[in-house]
Amino acid sequence: MEALDRRWHLARTREEVSFTELEFAIMRTFESFGRWQSECLAGAIDLAASGPENALLHMIRMNDRPKSVKELARLANRDDVPNIQYSLRKLIGAGLVARSGSGRTGVVYAVTDRGREVTDAYARIRRALLVSAVESVPGFSERMAEATRTLNLLAGIYEEVARVAATHRRPPEE
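In what follows, the accompanying structure is described. (Residues numbered from 1 in each chain as written. Predicted model: local features only at pLDDT ≥ 70, side-chain atom pairs only at ≥ 80, totals over all residues. Heavy atoms only, no water.)

1. A look at the overall build of the protein
Okay, so step 1: Broken down by element type, the protein carries six helices and two strands.
Okay, so step 2: Reading the secondary structure of the protein in the N-to-C direction produces α-α-α-α-β-β-α-α.
Okay, so step 3: For the protein, whose C-alpha radius of gyration is 20 Å, the value lies well above the compact-globule estimate of 16 Å for 174 residues.
Okay, so step 4: Overall size of the protein, expressed as C-alpha extent along the three principal axes, is 55 × 55 × 25 Å. (Helix = DSSP H or I, 4+ residues; strand = E, 2+ residues; numbered from the N terminus. Rg over C-alpha atoms; globule rule 2.2 N^0.38 Å.)

See the structure below:
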């Protein structure tokens, strides 16, 4: 059997190929995860929501305490505050989240009773489909723990190299 052609501009060495394949696996996983979140939420409520919007809803519900936009951005490792605010308006419009407080630092968001019902239904669907599927894979719990550590490490590395790239960005050509 002929070997696969793994040459391309992003990867020349065996290590570069492995790392690039990991990056593409992360991208595919991210897209699949977003589709899963949207479909699971659709099973709980008739609402067209993106994966990140769904994630915001669950982050707001996390620990059953209201959160500010700044907290939500930090939890999600996002810096696109206008997009977060747009998503919050959408969740408020759907009756899942309520805004309270005022001023620049006093505004927080909490799930409504309807939001609690929907996130509970989401959790039931998630448990019935996703959790039951991964529980049947031998040793999956340990593999998830290792993957979590690896992904958290990579997140830190990507943050650092993004700062370096931003610091040393080439000026636009005139």
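Still more to cover.
2. Points about the nonpolar core
Okay, so step 1: Among the nonpolar cores identified, the biggest contains 24 residues, and Leu41, Leu57 and Leu96 are the most heavily contacted of them.
Okay, so step 2: With four residues, helix 2 (residues 51–61) is the largest single contributor of residues to this core.
Okay, so step 3: The residues touching Leu41, leaving out its near neighbours within four places in the chain, are Leu47, Ala49, Asn54, Leu57, Val118 and Tyr122. (Core = buried A, V, L, I, M, F, W, Y, C linked by side-chain atoms within 4.5 Å. Buried < 20%, exposed > 50% of the residue type's maximum accessible area, 1.4 Å probe, protein only. Contact = heavy atoms within 4.5 Å.)

3. Topic: the packing of aromatic side chains
Okay, so step 1: Counting across every chain of the model gives one aromatic pair.
Okay, so step 2: Centre to centre, the rings of Phe19 and Tyr158 are 6.4 Å apart; their planes meet at 45°, and the pair counts as tilted. Taken together, the residues span a long stretch of sequence, with Phe19 in helix 1 (residues 14–44) and Tyr158 in helix 6 (residues 140–167) at a distance of 139 residues.
Okay, so step 3: By relative accessible area, which is 36% here, Phe19 ends up partly exposed. (Phe/Tyr/Trp six-rings, centres within 6.5 Å; stacked < 30°, edge-to-face > 60°.)

4. A short note on the packing of helix 1 against helix 5 (residues 113–135)
Okay, so step 1: At a minimum axis separation of 8 Å, helix 1 and helix 5 run at an interaxial angle of 120°. By the angle between their axes, helix 1 is oblique relative to helix 5. The handedness of the crossing between helix 1 and helix 5 comes out as right-handed. Contacts between helix 1 and helix 5 involve Trp36, Gln37, Cys40, Leu41, Gly43 and Ala44 on the former and, on the latter, Val118, Ala121, Tyr122, Ile125, Arg126, Leu129 and Leu130.
Okay, so step 2: Of the residues in the contact of helix 1 with helix 5, the class split is 10 nonpolar, two polar and one charged. (Axes fitted to C-alpha atoms, helices over the stretch in contact; angles between N-to-C directions. Parallel < 35°, antiparallel > 145°, perpendicular 65-115°, else oblique. Left-handed = near helix turned anticlockwise from the far one by under 90°. Nonpolar A, V, L, I, M, F, W, Y, C, P; charged D, E, K, R; others polar.)

5. Focus on the environment of Tyr122
Okay, so step 1: Mapped onto the elements, Tyr122 comes out in helix 5.
Okay, so step 2: For the pair Tyr122 and Arg35, spaced 87 residues apart in the sequence, the C-alpha separation amounts to 14 Å.

6. Thoughts on unusual backbone geometry
Okay, so step 1: Not every positive phi belongs to a glycine, and Asn63 is a case in point at roughly 60°.
Okay, so step 2: Turning to its location among the elements, Asn63 is positioned in the loop between helix 2 and helix 3 (69–76).
Okay, so step 3: A positive phi angle, close to 45°, is found at Asp64, a residue other than glycine.
Okay, so step 4: Inspection of the secondary structure assignment puts Asp64 in the loop between helix 2 and helix 3.
Okay, so step 5: For Asp64, a relative accessible area of 51% translates into the label exposed.

7. Some points on the packing of helix 1 against helix 6
Okay, so step 1: Running from N to C, helix 1 and helix 6 cross one another at 105°; their axes reach a closest spacing of 13 Å. The angle between helix 1 and helix 6 falls in the class roughly perpendicular. Of the residues in helix 6, those touching helix 1 at Phe19, Leu22, Glu23 and Ile26 are Leu151, Leu154 and Tyr158.
Okay, so step 2: Split into classes, the residues belonging to the contact of helix 1 with helix 6 amount to six nonpolar, no polar and one charged.

8. Section: the pattern of salt bridges
Okay, so step 1: Counted under the stated rule, the structure contains nine salt bridges.
Okay, so step 2: Arg78 is the partner of Asp80 in a salt bridge, and the nearest nitrogen-oxygen pair spans 2.9 Å.
Okay, so step 3: Through salt bridges with shared partners, a single network forms among Arg61, Asp64, Arg116 and Asp120. (Salt bridge = Lys/Arg side-chain N within 4 Å of Asp/Glu carboxyl O.)

9. Some remarks on the environment of Leu151
Okay, so step 1: If you trace the backbone, Leu151 turns up in helix 6.
Okay, so step 2: Once the C-alpha coordinates of Leu151 and Val161 are considered, the two residues, 10 residues apart in sequence, prove to be 15 Å apart.

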